[in-house]
Amino acid sequence: MEAHHPFTEIQITQQRFYNSIPFPSVLSPNPTTTTTTAVQCSVSHLIETIKTQKPFLDSLLHKTGAVLIRGFDIKTAKDFNDVIEAFGYEELSYVGSRSPAARTNVMGRVFTANELPPGQPIGFHHEMSQTPEPPSKLFFFCEVAPTNGGETAIVLSHIVHERIRHKYPIFVEKLEEHGLVYSLLVGADDDHSYIGSRGWKSTFSTGDKSVAKERATKMGIRLEWMEDGGVKRITGPLPVIRYDKSRQQKIWFTDMVGWQVAGNGPCKTITFGDGKLLSADIRCECLKILEEKCVAIPWQEGDVLLIDNWAVLHSRRPTNSPRRGLASLCK
């Protein structure tokens with residue numbers, strides 16, 4: 001990168017390299033520019049830099065799959081919202097989406113990343129992979145950094161697909177042929193104690209079961225009502241191996257391993273599209289591959305992580321210390 005460029009790409013110990021390309025790319029203020037350090041690190045300077053360097057940033061994200069912006073004076077939800085707006089990506093509203101995760105709107109385009117207690121892990125997934133139109137990009141912001149653990153681990157989806165296909169070709173062929181069906185039992189109201197905790201009233205923006213069923217049908221979801229007022233959400237069969245046209249490669253576009261991490265008891269089930277069960281042993285091996293190939297960078301307060309949702313799966317590691325992350329979705 002040129003000396004006068006407003007960003008400098010730095011290396012950190014957790015990065016991986018694929019064909020000499022870093023994953024993720026890490027951008028910080030460039031100390032060789034003529035502006036003072038205070039100006040370089042300010043949110044206003046970052047916003048102007050993003051606007052003028054948008055082609056560079058778009059190209060970098062496409063090449064690497066994820067970009068970590070570190071070392072700028074981003075402190076609040078408003079700062080984060082201003083950074084998001086500077087990129088100019090169209091918002092994907094979480095309100096009215098069928099995502100099973102419970103989130104709270106903080107301000108503008110900013111939501112809590114997840115309402116689960118920080119001690120609970122969240123498995124690898126592409127955001128809203130069970131929806132007809134998943135977000136193309138995600139922003140994460142670290143408002144309060146945990147003192148240990150709590151990383152957002154990321155992994156390149158095409159690398160995962162290549163490894164799993166090489167090790168279990170017949171399994172991957174079945175996934176391509178049949179897809180997967182996901183079933184999830186949820187209550188009427190949000191319950192922040194477990195993954196998939198968004199209640200059906202919040203998901204479908206109504207307390208009327210007939211209206212909820214109508215809206216679910218339009219989303220490709222089947223509902224089976226329970227006696228306790230809850231409902232079984234059945235989604236699929238959905239494709240698992242998808243094709244990333246912009247990069248011309250197949251990707252592992254599923255959260256089936258994430259559901260395994262979350263637990264696959266009576267409230268969650270997953271099958272092939274033909275109704276047959278998945279091998280528990282192979283699912284465990286898939287999880288091992290994801291863990292082996294992932295990058296988990298400890299959060300620093302003020303970090304902003306931009307992820308291409310078609311290229312990268314993400315997860316959350318548990319922590320026993322306070323942690324607050326914010327997020328935003330883009331079409």
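Our structure's up above, just so we're on the same page.
Notes on the structure in this doc start here. (Residues numbered from 1 in each chain as written. Predicted model: local features only at pLDDT ≥ 70, side-chain atom pairs only at ≥ 80, totals over all residues. Heavy atoms only, no water.)

Let us now look at the overall build of the protein chain. Scanning the protein chain for helices and strands turns up 10 helices and 19 strands. Its C-alpha atoms give the protein chain a radius of gyration of 20 Å, near enough to 20 Å, the size a compact globule of 331 residues would have. Along the longest, intermediate and shortest principal axes, the C-alpha atoms of the protein chain span 65 × 45 × 35 Å. Relative to its full complement of 331 residues, the protein chain shows a buried share of 54%. Within the protein chain, contacts between residues separated by at least 24 positions form 77% of all contacts whose residues are at least 6 apart in sequence. Taken as two groups, the 38 positive and 37 negative side-chain charges of the protein chain have centres that lie 3 Å from each other. (Helix = DSSP H or I, 4+ residues; strand = E, 2+ residues; numbered from the N terminus. Rg over C-alpha atoms; globule rule 2.2 N^0.38 Å. Buried < 20%, exposed > 50% of the residue type's maximum accessible area, 1.4 Å probe, protein only. Contact = heavy atoms within 4.5 Å. Lys, Arg positive; Asp, Glu negative; His and termini not counted. Charge placed at Lys NZ, Arg CZ, Asp CG, Glu CD.)

As a further point, take the packing of aromatic side chains. Counted by the stated rule, this structure contains 8 aromatic pairs. Seen from their ring centres, tryptophan 200 and tryptophan 225 are 4.9 Å apart, and the 80° between their planes marks the pair as edge-to-face. Residue tryptophan 200 is found in helix α7 (residues 200-204), and its partner tryptophan 225 is found in strand β12 (residues 221-225); the two are separated by 25 residues along the sequence. Judged by its relative accessible area of 3%, tryptophan 200 falls in the buried class. Overall, tryptophan 225 belongs to the partly exposed group, its relative accessible area being 28%. Through a chain of ring-to-ring contacts, three or more aromatic side chains come together here, namely Phe87, Tyr89 and Phe139. If you follow lysine 137 out to its NZ or CZ, it ends over the ring of tyrosine 89, 4.6 Å from the centre. (Phe/Tyr/Trp six-rings, centres within 6.5 Å; stacked < 30°, edge-to-face > 60°. Lys NZ or Arg CZ within 6 Å of the ring centre and 35° of its normal.)

Let's shift gears to the packing of helix α2 (residues 43-52) against helix α3 (residues 54-64). Here α2 crosses α3 at 75°, and the two axes come no closer than 5 Å. Regarding the angle of α2 to α3, the classification is roughly perpendicular. Residues Ile50, Lys51 and Thr52 of α2 form the contact with α3, whose participating residues are Lys54, Pro55 and Leu57. Residues belonging to the contact of α2 with α3 are distributed by class as follows: 3 nonpolar, 1 polar and 2 charged. (Axes fitted to C-alpha atoms, helices over the stretch in contact; angles between N-to-C directions. Parallel < 35°, antiparallel > 145°, perpendicular 65-115°, else oblique. Nonpolar A, V, L, I, M, F, W, Y, C, P; charged D, E, K, R; others polar.)

Moving on, we come to unusual backbone geometry. Cis geometry is adopted by the peptide bond preceding proline 24, which originates at phenylalanine 23 and carries an omega value of -10°. With respect to the helices, strands and loops of the structure, proline 24 is situated in the loop between β3 (21-23) and β4 (25-29). In this structure, proline 237 follows glycine 236 across a cis peptide bond, with omega equal to 10°. Residue placement: proline 237 occurs in strand β13 (residues 231-238).

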